[in-house]
Amino acid sequence: MMDLIPDLNKLGVKNYVFGIGNSPLHKECENNEVSFISAKKSKLNKFQNYIYLKTIVREIKPNVIHLHTSDSLTVYTISDILFRLKTKAIFSKKGIGNSSSLLSKFKYNYKNINKIICVSNAVKKSFSEIVNAKNHDKLIVVYDGINLDRTNIKRDEDIRTLFNVSENKLIIGNIANHVKAKDLPTLIKAVNYLVNEENIKNVHLIQIGEFSIKITTEIEKLITEYNLQNFVTLAGFQYHALDFLSQFDLFVMSSEREGLPLTIYEAFLKKTPVVSTKAGGIPEAITHGINGYLSEVGDPKELGENIQMLLGDTKKREEFIKRSYDIFFDKFTSKINAKNTLEVYQNIK
């Protein structure tokens, strides 16, 4: 959303963001001079905010309400039922998941949601199983985009010095929080394939992402089991992690479920070649053998083979980098996203 809004502003769209006060989103809006309206409670989905949304709509009189999260959709739906907001609404669906509760099915099919923007065709296909057939015409694909202004370098540390990685090692990079959908155990098993089965000792995985008790513990056990302590660094959360992308020899994703992650686009922009699984919408950005290598979900051997193949082929890496960089500017900038989003706003009935 914060990638999109500045470019919508340039197209003449005035934006107001309704969210939790003193949150990271609130601070981002302040930093980017975006008008922010603080919710009445520390959680969005509260009765006071159903009433408050009515007040906001009456005062601001927006042409469109754009809902970016499931909670915001809940607040809008209930407020609209109670107070008849009479304002066109759009919901953005980012990921792929099983939203099967009665409340979820009701709000996703709510009659006054005019359009549902899906970030990939894979999300659209998945979500069409939850959205009733009569509402399938509401589903539309608009790819997310990266705002170039936020990609300016803020951290200039040398990644090898920061994480004590020797110069003779090739760096495999991954940026993902420790959640089930990212399937990081498969990534560790792929490194095990490289190091212990193929005897490739000149590689080092730097995994950046916020820890979680269950997943992090599982990953640490695998690192110990495979004796990979000298080949894997769990770096935890890192501010402005995208600054490290250009220092990776390879960016790898092992996800089992994705909409279409922004880190793929960021790797394209930072000229870092990508090896990934075929999760979700990723094949809409990467064509196997053309601008990256794709592996089956949950297959560490194939993922490891693709890593090995690309690390060993400098010419192929350069080809992938150039093609992905061109694809980024052709399809995945926030300027293009804003243009396509504005067309959705203008064409809803």
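What you see is a predicted model, and the numbers here were worked out from it, not measured in a lab.

1. A word on the sheet that holds strand β5 (residues 113-118)
What holds strands together in a sheet is hydrogen bonding between their backbones, with the strands either parallel or antiparallel.
Thinking step 1. Taken in spatial order, the four strands make up an open sheet running β3-β4-β5-β6, and their pairing is parallel. The sheet terminates laterally at β3 (64-67) and β6 (139-141), the two strands that pair on one side only. Going across the sheet, the axis of each strand differs from the next one's by a mean of 25°, ignoring polarity.
Thinking step 2. Most of the contacts of helix α4 (residues 70-83) go to β3, to which it runs at about 140°, and overall it touches β3, β4 (88-93) and β5.

2. A short note on the nonpolar core
Thinking step 1. Judged by nonpolar contacts, the single largest core of 31 residues is most densely connected at Ile206, Ile208, Phe248, Phe251, Ile264, Tyr265 and Phe268.
Thinking step 2. Among the elements of the structure, α7 (159-163), β7 (170-175), β8 (203-208), β10 (250-253) and α10 (262-269) are those that each provide at least two residues to this core.
Thinking step 3. Per element, the largest residue contribution to this core is five residues, and it comes from α10.
Thinking step 4. If sequence neighbours within four positions are ignored, Phe268 has contacts with Val274, Ala285, Ile286, Asn291, Ser324, Tyr325, Ile327, Phe328 and Phe332.
Thinking step 5. By size, the runner-up hydrophobic cluster in this structure holds 30 residues, among which are Ile223, Leu250, Val275 and Tyr293.

3. Observations concerning the packing of aromatic side chains
Thinking step 1. Evaluated as defined, the whole model comprises 12 aromatic pairs.
Thinking step 2. Seen from their ring centres, Tyr76 and Tyr110 are 6.3 Å apart, and the 70° between their planes marks the pair as edge-to-face. On the criterion of sequence distance, the pair formed by Tyr76 in helix α4 and Tyr110 in the loop between α5 (102-108) and β5 is long-range, its members being 34 residues apart. Here Tyr76 matches Tyr110 in class, with each residue buried.
Thinking step 3. Chaining the aromatic ring pairs together yields one cluster made of Tyr76, Phe106 and Tyr110.
Thinking step 4. Taking NZ or CZ as reference, Lys14 lies 5.2 Å from the ring centre of Tyr16, over its face.
Thinking step 5. Over the face of the ring belonging to Tyr325 we find Lys271, whose NZ or CZ atom lies 4.6 Å from the ring centre.

4. Remarks on the layout of surface pockets
Thinking step 1. One number sums up the size of the second largest pocket: a volume of about 960 Å³.
Thinking step 2. Looking at the second largest pocket, it is lined by 38 residues, and the ones nearest its centre are Tyr16, Val17, Val64, Ile65 and His66.
Thinking step 3. Counting residues per element, the ones that place at least two in the lining of the second largest pocket are α1 (4-10), β1 (16-19), α3 (47-60), β3, α4 and α13 (334-347).
Thinking step 4. Of the residues assigned to the lining of the second largest pocket, the class counts are 25 nonpolar, nine polar and four charged.

5. Details of the packing of α10 against helix α12 (residues 314-331)
Thinking step 1. Remark: α10 packs on α12, axes separated minimally by 8 Å, with the N-to-C direction vectors making an angle of 120°. On the basis of the axis angle, α10 is oblique to α12. Relative to α12, the crossing made by α10 is left-handed. Contact residues: α10 offers Tyr265, Phe268 and Leu269, while α12 offers Ser324, Tyr325, Ile327, Phe328 and Phe329.
Thinking step 2. Looking at side-chain class alone, the contact of α10 with α12 contains seven nonpolar, one polar and no charged residues.

Rules used in this analysis
- Residues numbered from 1 in each chain as written.
- Predicted model: local features only at pLDDT ≥ 70, side-chain atom pairs only at ≥ 80, totals over all residues.
- Heavy atoms only, no water.
- Pairing = 2+ DSSP bridges.
- Helix = DSSP H or I, 4+ residues; strand = E, 2+ residues; numbered from the N terminus.
- Axes fitted to C-alpha atoms, helices over the stretch in contact; angles between N-to-C directions.
- Contact = heavy atoms within 4.5 Å.
- Core = buried A, V, L, I, M, F, W, Y, C linked by side-chain atoms within 4.5 Å.
- Buried < 20%, exposed > 50% of the residue type's maximum accessible area, 1.4 Å probe, protein only.
- Phe/Tyr/Trp six-rings, centres within 6.5 Å; stacked < 30°, edge-to-face > 60°.
- Lys NZ or Arg CZ within 6 Å of the ring centre and 35° of its normal.
- 1 Å grid on protein atoms, 1.4 Å probe; cavity = no way out; pocket = protein on both sides within 12 Å on 5 of 7 lines; lining within 4 Å.
- Points joined across faces, edges and corners; volume = space filled by probe spheres on them.
- Nonpolar A, V, L, I, M, F, W, Y, C, P; charged D, E, K, R; others polar.
- Parallel < 35°, antiparallel > 145°, perpendicular 65-115°, else oblique.
- Left-handed = near helix turned anticlockwise from the far one by under 90°.

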